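Overview (structure and organization)
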Amino acid sequence: MPTLRLLRETIAGCYLEVFGYPAIAGLAQAAGLADAVRSLEHRTMAPLFAKNALIDEALAEHLRSFNLVVSFLYDPDGLFRASLERVGVKTLIECNPRVQPDGGHASRQLAWGLEKIAMFLEDEHLLRAHFERTPPKEKRVAIHVGSGSPKKNWPLEHWLRLADEMRDTEVVFITGEAEEARGMTVPAHRTNWHALPLVELAERLGTCTAFLGHDSGTSHLAAACGVPSLLLFGPTDPAVWAPPQPWAAVLLEETGDLATLEYQRVKLAAAPVVAKT
């Protein structure tokens, strides 16, 4: 999103289309950073990733209509680049999608490729919310109990205990298919936003006064919605992977093992975040 904002605000009056997975890329359109989304899973896309394959002429014409194509695809064999050259794309900028552990924040690394055409990611693109929000008058705290890896998760029983101790606060849990597969079950009496489409989840996060979670895409989404957050980090480096917005606080377990992160440390760190309105 910071890179899309950089493009949108640098190129005056530009039409910006995102080729990607609609469930994810739709967030860019919902945030007003993209004018349209086209699915990479459409059958006409497959030849772009094959050597000398016949490319649909309507797609080729559409690609030629853009003055600039920015690719974040992993293309080690250059097949996608060769396909775009064959159809006559005017300018292709390839941004390395592989984030390096010692290269600074991931968002800044992803934008490096645009420096070839004198576009530089600034704090105004990075340290801001991307969605509008109207927080409720009553406190509503969202807790995302999972992430992409079990190693990055604080034990579920701790989150449940913390929720039980939040008096006069509406607490909602966020889970997805990964948590369901790992048996991370939220009690039936708890509100659980389960496996919501990301655009809908962004809308609901915008109604929260605080967010608690881990190193996950959902945490980045909460920060992009402007929600004050506390994020628990252990095995991954927050300097690279934490949301960069100033309202996203990080609590780091120095051993790297979140299972050893003491309950009282999290409770104390969460208190000022939850208290914000």
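The following paragraphs examine the structure supplied in this document.

Attention shifts here to the overall build of the chain. The helix and strand inventory of the chain stands at twelve helices and ten strands. Taken against the 2.2 N^0.38 rule, which gives 19 Å for 277 residues, the C-alpha radius of gyration of the chain at 21 Å falls within 12% of a compact globule. For the chain, the C-alpha atoms occupy an extent of roughly 60 × 35 × 35 Å along the three principal directions. Taken across its 277 residues, the chain has 47% of its residues classed as buried. Nonlocal contacts in the chain, meaning residues at least 24 apart in sequence, comprise 56% of its contacts between residues at least 6 apart. Within the structure as shown, the chain displays about 14100 Å² of accessible surface, and the carbon and sulfur contribution to it stands at 53%. Seen as two clouds, the 27 positive and the 34 negative side-chain charges of the chain have centres 1 Å apart.

In terms of nonpolar packing, the biggest core is built from 40 residues, with Phe131, Leu205 and Phe211 touching the most fellow members. Mapped by element, the contributors of at least two residues to this core are α1 (2-10), α2 (22-30), β6 (170-175), α9 (198-205), α10 (217-224) and β9 (229-233). With four residues, α10 is the largest single contributor of residues to this core. Residues contacting Phe211, with those up to four places away along its chain left out, are Ala142, His144, Ile174, Leu205, Thr218, Ser219, Ala222, Val227, Pro228, Ser229, Leu230 and Leu231. Core analysis: the second largest hydrophobic core is formed by 26 residues, Leu162, Met166, Met184 and Leu232 among them.

With that settled, the discussion passes to the environment of Lys139. By secondary structure assignment, the location of Lys139 is in the loop between α6 (123-126) and β5 (140-144). Between the C-alpha atoms of Lys139 and Met45, which are 94 residues apart in sequence, the distance is 45 Å.

Turning our eyes to something else, we now look at the environment of Leu156. The topology assignment puts Leu156 in helix α7 (residues 156-164). On a C-alpha basis, the gap between Leu156 and Val186 in space is 8.5 Å, while along the polypeptide they are 30 residues apart. Apart from the residues within four sequence positions on either side, Leu156 is in contact with Val145, Met184 and Thr185.

Attention now goes to unusual backbone geometry. In this structure, Asn52 is a non-glycine residue whose phi angle is positive, near 55°. If you trace the backbone, Asn52 turns up in the loop between β2 (36-39) and α3 (57-64). Given the relative accessible area of 59%, Asn52 is considered exposed. Its identity is not glycine, yet Ala118 carries a phi of approximately 60°, on the positive side.

Another aspect to go through is the pairing of strand β8 (residues 210-213). Burial along β8 is two-sided: Ala210 and Leu212 facing one way and Phe211 and Gly213 facing the other are all buried. In the sheet, β5 pairs with β8 via three bridges, with the strands oriented parallel. Residue pairing in the sheet places Ile143 in a bridge with Leu212 of β8. Where β8 meets β9, three bridges bridge the pair, whose relative direction is parallel. Along β9, the bridge assignment pairs Leu212 with Leu230. Handedness of the β8-α10-β9 crossover: right-handed.

Okay, the pattern of salt bridges next. One pass over the full model with this rule turns up 15 salt bridges. Between Glu170 and Arg140 there is a salt bridge, with its nearest N and O atoms 3.0 Å apart. Taken together, the positions of Glu170 in strand β6 and Arg140 in strand β5 put the pair 30 residues apart, joining distant regions of the chain. Through salt bridges with shared partners, a single ionic network connects Arg5, Glu9 and Arg128.

What follows concerns the packing of aromatic side chains. Evaluation of the coordinates by the stated rule reveals four aromatic pairs. Aromatic pair Trp154 and Tyr263: ring centres 6.1 Å apart, planes at 10°, arrangement stacked. Of this pair, Trp154 sits in the loop between β5 and α7 while Tyr263 is found in helix α12 (residues 263-275), placing the two residues 109 residues apart along the sequence. Neither residue differs from the other here; Trp154 and Tyr263 are each classed as buried.

Another point: the side chain of Gln109. With respect to the secondary-structure elements, Gln109 resides in helix α5 (residues 106-111). Relative accessible area serves as the criterion here: at 5%, Gln109 is assigned to the buried category. Among the polar contacts made by the side chain of Gln109, one reaches the main-chain carbonyl oxygen of Gly104 at a distance of 2.8 Å. Non-local contacts of Gln109, meaning those with residues more than four positions away in its chain, are made with Arg98, Val99, Gln100, Gly103, Gly104 and Val240.

Rules used throughout
- Residues numbered from 1 in each chain as written.
- Predicted model: local features only at pLDDT ≥ 70, side-chain atom pairs only at ≥ 80, totals over all residues.
- Heavy atoms only, no water.
- Helix = DSSP H or I, 4+ residues; strand = E, 2+ residues; numbered from the N terminus.
- Rg over C-alpha atoms; globule rule 2.2 N^0.38 Å.
- Buried < 20%, exposed > 50% of the residue type's maximum accessible area, 1.4 Å probe, protein only.
- Contact = heavy atoms within 4.5 Å.
- Areas by Shrake-Rupley, 256 points an atom, 1.4 Å probe, with all protein chains shown as cover.
- Lys, Arg positive; Asp, Glu negative; His and termini not counted.
- Charge placed at Lys NZ, Arg CZ, Asp CG, Glu CD.
- Core = buried A, V, L, I, M, F, W, Y, C linked by side-chain atoms within 4.5 Å.
- Pairing = 2+ DSSP bridges.
- Right-handed = clockwise from strand over helix to strand, strands pointing away.
- Salt bridge = Lys/Arg side-chain N within 4 Å of Asp/Glu carboxyl O.
- Phe/Tyr/Trp six-rings, centres within 6.5 Å; stacked < 30°, edge-to-face > 60°.
- Polar contact = N/O pair within 3.5 Å; in protein donor to acceptor, adjacent residues only side chain to side chain.

By themselves these figures say nothing about function.
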